[in-house]
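Chain by chain, the residues:
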Amino acid sequence: QVQLVESGGGLVQPGGSLTLSCAASGSIFNIRSMGWFRQAPGKQRELVATMSSGSSTNYASSVKGRFTISRDNAKNTVYLQMNSLKLEDTAVYYCNVVGSVVGVLLPQNYWGKGTLVTVSS
């Protein structure tokens, strides 16, 4: 069993900041990638930012320069620092982890339940 626990969502005014965190626990090991996706009402889920085990990062163009992803490998935790938030950043943010599980040959893809970020004045 693998659990992803997200926290840090909430209501913030435009221009404000929030930090999301996601901790992975359970039988997962050799985590290859940790990251964040988001889904706004009426839209498809989209990539926000990911970080590989080698610390390579990938950001959506819409968040570059405003969001920063980081991870604590010792704690299997990924963070998303969001600055200069805009109305269009409003969405449910989902944590994503790709890693190995005992007894399963190929790396598996896991999702958190999501945390709501609302940017509103």
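As shown above, the structure is provided for reference.
We now turn to the structure provided with this report. (Residues numbered from 1 in each chain as written. Predicted model: local features only at pLDDT ≥ 70, side-chain atom pairs only at ≥ 80, totals over all residues. Heavy atoms only, no water.)

**Digging into the nonpolar core**
Argument step 1. Trp36, Leu80, Met82 and Tyr93 are the most contacted members of the largest nonpolar core, which totals 32 residues.
Argument step 2. Of all the secondary structure elements, the ones that give two or more residues to this core are β1 (2-7), β3 (18-26), β4 (28-39), β5 (46-52), β7 (67-72), β8 (77-82), β9 (91-101) and β11 (115-119).
Argument step 3. Looking at which element gives the most residues to this core, the answer is β9, with 5 residues. (Core = buried A, V, L, I, M, F, W, Y, C linked by side-chain atoms within 4.5 Å. Buried < 20%, exposed > 50% of the residue type's maximum accessible area, 1.4 Å probe, protein only. Helix = DSSP H or I, 4+ residues; strand = E, 2+ residues; numbered from the N terminus.)

**Focus: unusual backbone geometry**
Argument step 1. Of note, the phi angle at Asn30 is positive, near 50 degrees, even though the residue is not glycine.
Argument step 2. Looking at the element boundaries, Asn30 is found in strand β4.
Argument step 3. The partly exposed category is assigned to Asn30, whose relative accessible area is 49%.
Argument step 4. One non-glycine residue, Ser55, lies in the positive phi region at around 75 degrees.
Argument step 5. Considering the arrangement of structural elements, one finds Ser55 in the loop between β5 and β6 (57-59).

**Remarks on the state of the cysteines**
Argument step 1. Summed over all chains, the structure comprises 1 disulfide.
Argument step 2. The disulfide that involves Cys22 links it to Cys95, with 2.1 Å between the sulfurs. Disulfide Cys22-Cys95: the torsion about the S-S bond is -80 degrees, which places it as left-handed. Separated by 73 residues along the polypeptide, Cys22 in strand β3 and Cys95 in strand β9 bring together distant segments of the chain.
Argument step 3. A residue is classified by how much of its surface remains accessible, and Cys95, at 0% relative accessible area, is buried. (Disulfide = S-S within 2.5 Å.)

**Re the side chain of Arg38**
Argument step 1. Within the secondary structure, Arg38 is located in strand β4.
Argument step 2. Within the structure, the side chain of Arg38 is placed 3.4 Å from the side chain of Ser62, a separation counted as a polar contact.
Argument step 3. Not counting residues within four places of it along the chain, the set of residues in contact with Arg38 comprises Gln44, Arg45, Glu46, Val48, Ser62, Val63, Phe67, Glu88, Asp89, Ala91, Val92 and Tyr93. (Polar contact = N/O pair within 3.5 Å; in protein donor to acceptor, adjacent residues only side chain to side chain. Contact = heavy atoms within 4.5 Å.)

**Brief notes about the pairing of β11**
Argument step 1. Of the two faces of β11, only the one carrying Thr115, Val117 and Val119 is buried; Leu116 and Thr118 on the other face are not.
Argument step 2. Two strands pair when backbone bridges link them, and strand β2 (residues 10-12) and β11 are joined in this way by 3 bridges, in the parallel orientation. Of the residues in β11, the one forming a bridge with Leu11 is Thr118. (Pairing = 2+ DSSP bridges.)

**Re the environment of Ile28**
Argument step 1. Looking at the element boundaries, Ile28 is found in strand β4.
Argument step 2. Each C-alpha atom of the pair Ile28 and Gln108 lies 9.0 Å from the other, and the pair is 80 residues apart in sequence.

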